[in-house]
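So you can see what is in the structure, the chains are spelled out below.
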Amino acid sequence: MRKLICEIFLRTRRKKTTADELNKLGYRTRKGALFSDTTVTRLLRDTTAKGERPTIPKSEKRESVLYLSKKVNGS
């Protein structure tokens, strides 16, 4: 789906036109709504689609794991 959005956007260079084309093709959002230029903008800017994830420093990861293990073990 995101690949299609990118392809349409690269061809049209317009977010509203991209949304209109997706709607004409019968695509809907997860909730069944029509696509809008705002939805297209959000999907184009979302870095998780490109495989980029925010990195968490090791010290924070360790603290999170310790917190979760204490919570699970009831400590």
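As shown above, the structure is provided for reference.
Notes on the structure follow. (Residues numbered from 1 in each chain as written. Predicted model: local features only at pLDDT ≥ 70, side-chain atom pairs only at ≥ 80, totals over all residues. Heavy atoms only, no water.)

1. Describing the nonpolar core
Item 1. Formed by Ile5, Ile8, Ala19, Leu22, Phe35, Val40 and Leu43, the largest nonpolar core amounts to seven residues.
Item 2. For this core, the elements supplying multiple residues, two or more each, are α1 (2-12), α2 (15-24) and α3 (37-45).
Item 3. Contact partners of Ala19, with chain neighbours within four places excluded, come to Phe35, Ser36, Asp37 and Val40. (Core = buried A, V, L, I, M, F, W, Y, C linked by side-chain atoms within 4.5 Å. Buried < 20%, exposed > 50% of the residue type's maximum accessible area, 1.4 Å probe, protein only. Helix = DSSP H or I, 4+ residues; strand = E, 2+ residues; numbered from the N terminus. Contact = heavy atoms within 4.5 Å.)

2. Quick notes on the pattern of salt bridges
Item 1. Overall, the coordinates contain three salt bridges when judged by the stated rule.
Item 2. Across the pair Arg2 and Asp46 runs a salt bridge whose closest N-O atoms are separated by 2.9 Å. Of this pair, Arg2 sits in helix α1 while Asp46 sits in the loop between α3 and α4 (58-73), and the two are 44 residues apart along the sequence.
Item 3. With a relative accessible area of 23%, Asp46 lands in the partly exposed category.
Item 4. Lys16 is the salt-bridge partner of Asp20, the closest N and O atoms lying 3.5 Å from each other. With Asp20 and Lys16 both in helix α2 and four residues apart, the pair spans about one turn of that helix. (Salt bridge = Lys/Arg side-chain N within 4 Å of Asp/Glu carboxyl O.)

3. Some remarks on α2
Item 1. By the burial criterion, the buried members of α2 are Thr18, Ala19, Leu22 and Asn23. Looking down the long axis of α2, one finds its buried residues gathered within 135 degrees of arc, a one-sided arrangement.
Item 2. Buried residues along α2 sit in contact with α1 and α3.
Item 3. Looking at the residues trailing α2, positive phi occurs at Gly26, about 95 degrees. (Arc of directions from axis to C-beta.)

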